[in-house]
Amino acid sequence: MEEIKVHVCKYPDRANLVLRFLCPLTGKHVTKSAGTASKKTALSVAGKWEAELREGRYQKPSKMTWEAFREYYTLHALPAVSLRGAEAYESTLNAFERLCNPQRLSDVTTQRVTGFVSELRKLHRSEATVACRLRHLKSAMRWANSQGLLPVLPKFDMPKRTSGAKVMRGRPITGEEFDRILAAVPKVTENAAADSWRFYLRGLWESGLRLSESLTLRWDDAPGAIVVDFTGRRPILRIPCEAQKGNRDTLLPMTPEFAALLQTVPEHDRRGRVFRLLANDGTARQASTKVVGTMISNIGETAGVVVDERERNGKTIRKYASAHDLRRAFGQRWSRRVMPTILRELMRHEEIGTTMKYYVGQNAESTADALWNAAGNTSGNTGQEAAKPRRKKMRSSLKTRRLRAEGKGFEPSTGCPASDFESDR
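The rules behind the values
- Residues numbered from 1 in each chain as written.
- Predicted model: local features only at pLDDT ≥ 70, side-chain atom pairs only at ≥ 80, totals over all residues.
- Heavy atoms only, no water.
- Helix = DSSP H or I, 4+ residues; strand = E, 2+ residues; numbered from the N terminus.
- Buried < 20%, exposed > 50% of the residue type's maximum accessible area, 1.4 Å probe, protein only.
- Contact = heavy atoms within 4.5 Å.
- Areas by Shrake-Rupley, 256 points an atom, 1.4 Å probe, with all protein chains shown as cover.
- Pairing = 2+ DSSP bridges.
- Axes fitted to C-alpha atoms, helices over the stretch in contact; angles between N-to-C directions.
- Expected span 1.5 Å × (residues − 1).
- Arc of directions from axis to C-beta.
- Polar contact = N/O pair within 3.5 Å; in protein donor to acceptor, adjacent residues only side chain to side chain.
- Core = buried A, V, L, I, M, F, W, Y, C linked by side-chain atoms within 4.5 Å.
- Salt bridge = Lys/Arg side-chain N within 4 Å of Asp/Glu carboxyl O.
- Parallel < 35°, antiparallel > 145°, perpendicular 65-115°, else oblique.
- Left-handed = near helix turned anticlockwise from the far one by under 90°.
- Nonpolar A, V, L, I, M, F, W, Y, C, P; charged D, E, K, R; others polar.

Peer 1: I'd love a proper account of the overall build of the protein, names of residues and values included.
Peer 2: Looking only at helices and strands, the protein has 16 helices and 9 strands in total. When burial is assessed residue by residue, the protein has 33% of its 425 residues classed as buried. At a minimum sequence separation of 6, the contacts of the protein that also span at least 24 residues come to 52%. Accessible area of the protein: about 26800 Å², with a carbon and sulfur share of 51%.

Have a look at this one:
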């Protein structure tokens, strides 16, 4: 683009001078105001613009509408990601559209992104949610920039966790709380549906599956389904890449408790979906993750199981037990039974750091029990007999060893030669 030359022109109908160059790609003149009537200043501005054009730093503002971008992105970008990922991107773009009202793709500026974050916080979204929204929006805009649709990529200031912030927005529920949740099911659903929901909640408790994963669990093969497999030496779950966050095919060993729960289902009923949730009228229907998640939260609220409580704008906001809190409880229970590397595979975390951060070392009371049990086997043990001191074995003297070598007898109790002992008598 060395042939580009910016000229300073004077138009009779304008007070300010005009900058103009011939675009070598389109063969058309491109103009813009110099912003001044001074020729000296206009020449300086023209020189800077010319340098930008020759170095390729200048980009013409995009005229693509936001609606056209959404259609183009859905058609060309989202097919390359998993169904779960595509839903997350669509949800983020919907939220940005609703809160920031962009008309064109070029409206996605640094200022609009900052405003998007502010609006999310006004809605009391957690910092983890804000960060997740920004990651998806940033990825979409980077793709648009790589396609030449968005000339200037906005800056994204990712939220940083404040000092003392909670690791989890929720917590693992206890066994007593889980019993209360099961007891609360008939209060939220009709009797015809209560058994199916109790079986489903036990399944979440014993399997550690995510909500979306549990709804795809099947007895038989189907596209995108997690399949129960009892044919091998040990029961496993076959998880396809599109059915989980890790986006890769996985064989997951089934816990003995979950296998025992599934084996309570008669063999003639082992077809189709494992968890057939019934509506209040007793009919089975495939409910969305949002509907099922809301139902579980309603059951948790009815049971009075609060997993998080915080103050916002002078108002106390309580979060009740959800499907993910059942998964957290699963991870915590097994963190005391297996090594972190095995727990990582069981939870299907991408990094061992996630396992260590959320599930290893979180329960101070269990750690204290382990410490006291270990200490009880050494010093300060009052529950067991003290170890008896070991008798020190005396080494034979040099003289004794020589006498033995010469074959002379000894008095067993004294170690003296037998002849000497008899002469003293």
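Peer 1: Explain the sheet that holds strand 2 (residues 18-22) residue by residue, including any values.
Peer 2: Reading across from one edge, 1-2-3 is the order of the 3 strands in this open sheet, with antiparallel pairing throughout. Where the open sheet ends on each side, the last strands, each with one partner, are strand 1 (7-9) and strand 3 (29-33). Taking the axes of each pair of neighbouring strands and ignoring which way they run, one obtains an average angle of 30° across the sheet. When strand 1 meets strand 2, the two strands line up antiparallel, connected through 3 bridges. Bridging across to strand 2, Val8 finds its partner in Leu19. Across the sheet, helix 1 (residues 39-55) touches strand 1, strand 2 and strand 3, and the angle it forms with strand 2 is around 30°.

Peer 1: Which residues make up helix 1, and what values do they have?
Peer 2: Taking 1.5 Å of rise per residue, 17 residues should cover 24 Å, and helix 1 covers 24 Å from first to last C-alpha, within 8% of that figure. Residues of helix 1 that are buried: Ala42, Ala46, Trp49, Glu50 and Leu53. Around the axis of helix 1, the buried residues are gathered within 105° of arc, so they sit on the same side. Seen from the open side of helix 1, the exposed residues pointing more than 90 degrees away from its buried face are Lys40, Lys48 and Glu55. In this fold, the buried residues of helix 1 make contact with strand 1, strand 2 and strand 3.

Peer 1: Any chance you could break down the environment of Asp195 for me, citing the residues and the numbers?
Peer 2: In this fold, Asp195 is placed in helix 7 (residues 191-207). Along the primary structure Asp195 and Leu278 are separated by 83 residues, whereas in three dimensions their C-alpha atoms are 8.8 Å apart. Looking at Asp195, its side chain comes within polar contact range of the side chain of Arg198, at 2.7 Å.

Peer 1: Please set out the side chain of Glu177 residue by residue, giving values where relevant.
Peer 2: By secondary structure assignment, the location of Glu177 is in helix 6 (residues 175-188). In terms of polar contacts, Glu177 uses its side chain to reach the backbone amide nitrogen of Thr174, at 2.9 Å. Once residues within four sequence positions are removed from consideration, Glu177 is found in contact with Arg171 and Val305.

Peer 1: Tell me about the nonpolar core, residues and numbers included.
Peer 2: In this structure, Ile173, Trp197, Tyr200, Leu201, Leu217, Leu237 and Ile296 are the most contacted members of the largest nonpolar core, which totals 44 residues. Every element with two or more residues in this core is listed here: helix 6, helix 7, strand 5 (226-229), strand 6 (236-239), helix 9 (256-262), helix 10 (289-302) and helix 11 (323-335). Here Ile173 is in contact with Phe178, Ile181, Trp205, Val305, Val307, Ala321, Asp325, Leu326 and Ala329, once residues within four sequence places are set aside. Membership of the second largest hydrophobic core comes to 27 residues, among which are Ala86, Leu105, Val113 and Val130.

Peer 1: An account of the pattern of salt bridges is requested, with residue identities and associated values reported.
Peer 2: Here the structure, examined in full by the defined rule, presents 18 salt bridges. As a salt-bridge pair, Arg333 and Glu206 come within 3.9 Å of each other at their nearest N and O atoms. Taken together, the residues span a long stretch of sequence, with Arg333 in helix 11 and Glu206 in helix 7 at a distance of 127 residues. Across the pair Asp221 and Arg238 runs a salt bridge, and its minimum N-O distance is 3.2 Å. Highlighted residues: Asp221 in the loop between strand 4 (217-218) and strand 5 and Arg238 in strand 6, separated in sequence by 17 residues. Classification of Arg238 as partly exposed rests on a relative accessible area of 29%. Here the salt bridges share partners, and the residues they tie into one network are Arg70, Glu90 and Glu97.

Peer 1: Which residues make up the packing of helix 6 against helix 7, and what values do they have?
Peer 2: Between helix 6 and helix 7, the shortest axis-to-axis distance is 8 Å and the interhelical angle comes to 160°. Accordingly, the angle class assigned to the pair helix 6 and helix 7 is roughly antiparallel. Note on packing geometry: the crossing formed by helix 6 with helix 7 is right-handed. Here Gly175, Phe178, Ile181, Leu182, Val185 and Pro186 of helix 6 lie close against helix 7, whose contacting residues are Asn191, Ala194, Trp197, Arg198, Leu201, Arg202 and Trp205. Split by residue class, the contact of helix 6 with helix 7 holds 9 nonpolar, 2 polar and 2 charged.

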